[in-house]
Amino acid sequence: GAVVSQHPSWVICKSGTSVKIECRSLDFQATTMFWYRQFPKQSLMLMATSNEGSKATYEQGVEKDKFLINHASLTLSTLTVTSAHPEDSSFYICSASLDATNEKLFFGSGTQLSVL
Amino acid sequence: QQQVKQSPQSLIVQKGGISIINCAYENTAFDYFPWYQQFPGKGPALLIAIRPDVSEKKEGRFTISFNKSAKQFSLHIMDSQPGDSTTYFCAASQGAQKLVFGQGTRLTINP
């Protein structure tokens, strides 16, 4: 199956710093990439949808100035958590879509962010 | 109307038994219903999925049952094994729109 690589797998940072998470589709071109947030023992909450070359669409309640998403190419999307605070500590997961349906949707392995 | 309600929240099954997880939805426009398996510290992995034109789909030990009139679908894991112990999520979507996830079920298979 298609592979979505997410990096780093975990990161610890100090409060007030920014953290960038990369999501790459290794063997296919992803028209759309999605970013999720997952708190312990909870479900995945969609943060934003990004299409290559255009601005990301953020879900209601997600601060676009805090969670910067860039989808510069068909194989790479990045999520930058700006001025991170302890409440931003969470498991962040990306997914990439191979086509215009959801049947070819593949998830990255996630990034655990801990903000001290 | 965009919610997908999943139950039970946790489930304990004996090895060799059948694990059954249920999901219910409201939006009749949903046309794609996948199940994902997520191990701790990992992203979800697609297990099996169904579209509303069929009532059942089987892949190995995993079966989805779909009841369009009741707006419900369920995952059955036959001959459950300890390696199946993890969290399962149902989801639903309309066309190429975003997936809506259920709340998750933590499955434990006792040896």
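This text goes with the structure placed above it.
Here we summarise the structure given alongside this text. (Residues numbered from 1 in each chain as written. Chains lettered and ligands numbered in written order. Predicted model: local features only at pLDDT ≥ 70, side-chain atom pairs only at ≥ 80, totals over all residues. Heavy atoms only, no water.)

### A few points about the overall build of chain A
- Along chain A, the regular secondary structure elements total 0 helices and 11 strands.
- Since a compact globule built from 116 residues should have a radius of gyration of about 13 Å, the 13 Å found for chain A is in line with a globular shape.
- Each of the 116 residues in chain A was classed as buried or not, and the buried ones make up 49%.
- Computed over 9 positive and 10 negative side-chain charges, the inter-centroid distance for chain A is 6 Å. (Helix = DSSP H or I, 4+ residues; strand = E, 2+ residues; numbered from the N terminus. Rg over C-alpha atoms; globule rule 2.2 N^0.38 Å. Buried < 20%, exposed > 50% of the residue type's maximum accessible area, 1.4 Å probe, protein only. Lys, Arg positive; Asp, Glu negative; His and termini not counted. Charge placed at Lys NZ, Arg CZ, Asp CG, Glu CD.)

### So, the packing of aromatic side chains
- Taken as a whole, this structure holds 16 aromatic pairs over all chains when the rule is applied.
- Each ring, one from A:Y36 and one from A:F107, has its centre 5.6 Å from the other, and the planes form 40°; the classification is tilted. Of the two residues, A:Y36 is situated in strand β4 (residues 32-38) and A:F107 in strand β10 (residues 105-107); the sequence distance between them amounts to 71 residues.
- The exposure class of A:Y36 is buried, given its relative accessible area of 1%.
- Centroid distance B:F33 to B:F73: 5.0 Å. Interplanar angle 55°. Geometry classified as tilted. Of the two residues, B:F33 sits in strand β4 (residues 33-38) while B:F73 sits in strand β8 (residues 72-77), which places them 40 residues apart along the sequence. Each member of the pair B:F33 and B:F73 is classed as buried. (Phe/Tyr/Trp six-rings, centres within 6.5 Å; stacked < 30°, edge-to-face > 60°.)

### Quick notes on the sheet that holds strand β6 (residues 56-59) of chain B
Residue and element names in this part refer to chain B.
- Spatial ordering of the open sheet is given by β1-β3-β8-β7-β6, a layout of 5 strands whose pairing is antiparallel. Each edge of the open sheet is held by one strand with a lone partner, namely β1 (4-7) and β6. If you compare each strand with its neighbour and ignore which way they point, the axes differ by 15° on average.
- Bridge count for strand β7 (residues 62-67) against β8 is 6 bridges, and the pairing is antiparallel. Across the sheet, the residue bridging to I64 is L75, located in β8. (Pairing = 2+ DSSP bridges. Axes fitted to C-alpha atoms, helices over the stretch in contact; angles between N-to-C directions.)

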